[in-house]
Amino acid sequence: MDFTFTEEQQAAVEAARAVFAGVAPDGVPSPALTAGAVADDFDRALWAKLADADLLSLLLDARHGGAGLDAIALCLVLRESAKVLARVPLLESTAAAVTVQTYGGEELKADVLARAGRGELVLTVAANGRTGHDGAELAVTARPEGDLWVLDGVQTAVPWAQNADFVLVPALSTESGRSVLALVPRVHEGALLAEQFSTTGELLGELRLDSVRVPARDVIDADGAWESLRALLATGTCALALGLGEGVLGMTSEYTSKREQFGFPVATFQAVAVQAADRYIDLRAMEATLWQAAWRISSGAGGALPASGDIAVAKTWASEGVRRVVQTAQHLHGGIGADTDYPLHRYHAWAKHLELSLGPAAAHEEALGDLLAAHPLG
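Residues numbered from 1 in each chain as written. Predicted model: local features only at pLDDT ≥ 70, side-chain atom pairs only at ≥ 80, totals over all residues. Heavy atoms only, no water.

(A) Up close: the pairing of strand β6 (residues 191-197). With 7 bridges joining them, β6 and strand β7 (residues 203-215) adopt antiparallel strand pairing. Bridge pairing in β7 places Ala194 opposite Glu206. Here β6 hands over to β7 after 5 residues, with Gly201 in that stretch at a positive phi of 85 degrees. (Pairing = 2+ DSSP bridges. Helix = DSSP H or I, 4+ residues; strand = E, 2+ residues; numbered from the N terminus.)

This is the structure we're talking about:
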């Protein structure tokens, strides 16, 4: 098995590192120091730099101004972004755009893709449903009405919803019983957006849809569109968790190599070294399962289980692994780990958000169990 990344994928990583080199994690707004939301908007200056570096159009075809790369390239860039807690809707906007490219009509593609790739149009996805536990497509109903679709329901915890231009909303068609995706403007008649907050302190949105009418051209009703979008979002979340965990372990290694007790760096103590080694193993498992999932959805390759099985394994490792990494880091840092002048507490807050995003480990273990029951391994 060849784990070597292509030259194009490696070039994307180098471009991402150059952009994110200017981001200071200790400058990221802290939820511990702010009552309510940490900011009114995401990092627009960083967003513009990502656009200038062509990192917002990685997965778009050349005819839409993109590089035509795959989910692996996106995950590589997301991994770098999480190391510095980059406050941008890179995953959501890219995933929504590539879904429009793959499954949307030509008119919708022409209106959305080039502008999204240039960063002029910001997209997000309502993927949490009403409660965060049931399927997001079950939280909203959609019925055709002439040249329109009418949407009713509630989606909670929509990331970056307060500042995105459009929200891609999964819904259940009352006519066919299949999942559809509707591109809903943030400001639209019948759409009410209420404030919610993440553990990171970032604004989320509760999106209430009351007979919202959307043109049929802005609705994607192709088979597999929502499943493909959800798979990319979950895999991208695993990449974010991996990057965050690597950033935290690097901080911990640097701190414990300098912090001395009894005249020796605490990193030389066996108990410290063993705990750090365990977290390193967690990160390597998170990495291996991430690339397996990203490869499956990028290549369409078959396997003993559907690709959703590999994604469930990756998200289980990501959720549990990132939690263990930040908890151990807090322990090994001692009191400074909770000091709001030190960036570790920010990573802890972001880790909790990523752990629960698109379902905690238990939800993905249950999904994996269902897959194993339906596809018994010989």
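(B) Examining the pattern of salt bridges more closely. According to the stated counting rule, one finds 29 salt bridges in the structure shown. We note a salt bridge from Asp111 to Arg217, for which the minimum N-O separation is 2.5 Å. Of the two residues, Asp111 sits in helix α5 (residues 106-117) while Arg217 sits in the loop between β7 and β8 (219-220), which places them 106 residues apart along the sequence. One salt bridge in this structure joins Arg118 and Glu120, with 2.8 Å as the shortest N-O distance. Using a relative accessible area of 48% as the deciding quantity, one classes Glu120 as partly exposed. Each of the salt bridges in this network shares a partner with another, and the network as a whole consists of Glu14, Arg17, Arg79, Glu80, Lys83, Glu246, Arg284 and Glu287. (Salt bridge = Lys/Arg side-chain N within 4 Å of Asp/Glu carboxyl O. Buried < 20%, exposed > 50% of the residue type's maximum accessible area, 1.4 Å probe, protein only.)

(C) Looking closely at unusual backbone geometry. The backbone phi angle of Leu85 is positive, close to 55 degrees, even though this residue is not glycine. Relative to the assigned elements, Leu85 resides in the loop between α3 (71-83) and α4 (90-103). With a phi angle near 60 degrees, Leu358 is a residue other than glycine that sits in the positive phi range. When you line up the elements, Leu358 lands in the loop between α9 (344-356) and α10 (361-374). Residue classification places Leu358 among the partly exposed residues on the basis of a relative accessible area of 21%.

(D) Region of the structure containing the nonpolar core. The biggest cluster of nonpolar side chains holds 91 residues, and the ones touching the most others in it are Phe20, Leu50 and Leu244. Sorting elements by how many residues they give to this core places helix α6 (residues 225-258) first, with 17 residues. Ignoring any residue separated from it by four or fewer positions in sequence, one finds Leu244 in contact with Ala82, Lys83, Leu85, Val322, Val326, Tyr347, Trp350, Ala351 and Leu354. With 20 residues, the next largest nonpolar core counts Ala139, Val140, Val158 and Ala171 among its residues. (Core = buried A, V, L, I, M, F, W, Y, C linked by side-chain atoms within 4.5 Å. Contact = heavy atoms within 4.5 Å.)

(E) Layout of the packing of helix α7 (residues 270-299) against helix α8 (residues 307-333). It is the contact of α7 with α8, at a shortest axis distance of 8 Å, that shows an interaxial angle of 155 degrees. By the angle between their axes, α7 is roughly antiparallel relative to α8. As α7 packs across α8, the resulting crossing turns out to be left-handed. In terms of residue class, the contact of α7 with α8 is made up of 16 nonpolar, 6 polar and 5 charged. (Axes fitted to C-alpha atoms, helices over the stretch in contact; angles between N-to-C directions. Parallel < 35°, antiparallel > 145°, perpendicular 65-115°, else oblique. Left-handed = near helix turned anticlockwise from the far one by under 90°. Nonpolar A, V, L, I, M, F, W, Y, C, P; charged D, E, K, R; others polar.)

(F) Region of interest: the pairing of strand β4 (residues 166-173). With 7 of 8 residues buried, β4 is to be regarded as a mostly interior element. By the bridge criterion, 3 bridges tie strand β1 (residues 123-125) to β4 in an arrangement that is parallel. Directly across from Val125, in β4, lies its bridge partner Leu168. Summarising the sheet, β4 and strand β5 (residues 179-185) pair through 7 bridges and their orientation is antiparallel. Note that in β5 the partner of Val169 across the bridge is Ala182. Two successive antiparallel strands, β4 and β5, enclose a turn made up of 5 residues, where Gly177 displays a positive phi of approximately 75 degrees.

(G) Seen up close, the side chain of Arg346. Secondary-structure assignment places Arg346 in helix α9. In this structure the side chain of Arg346 is engaged in a polar contact, spanning 3.3 Å, whose partner is the backbone oxygen of Asp26. (Polar contact = N/O pair within 3.5 Å; in protein donor to acceptor, adjacent residues only side chain to side chain.)

(H) Structural detail: empty space enclosed by the protein. Enumeration according to the criterion identifies 2 cavities of 30 Å³ or more in this entry. Taken as a whole, the largest cavity spans an internal volume of roughly 40 Å³. Forming the boundary of the largest cavity are Ala39, Asp40, Asp41, Phe42, Arg87, Trp160, Asn163, Glu202 and Leu203. Classifying every residue of the lining of the largest cavity gives 4 nonpolar, 1 polar and 4 charged. Considered as a void within the structure, the second largest cavity measures approximately 30 Å³ in volume. Looking at the second largest cavity, the residues that line it are Val248, Leu249, Thr252, Ala276, Arg279, Val325, Thr328, Ala329 and Leu332. Broken down by secondary-structure element, the contributors of at least two residues to the lining of the second largest cavity are α6, α7 and α8. (1 Å grid on protein atoms, 1.4 Å probe; cavity = no way out; pocket = protein on both sides within 12 Å on 5 of 7 lines; lining within 4 Å. Points joined across faces, edges and corners; volume = space filled by probe spheres on them.)

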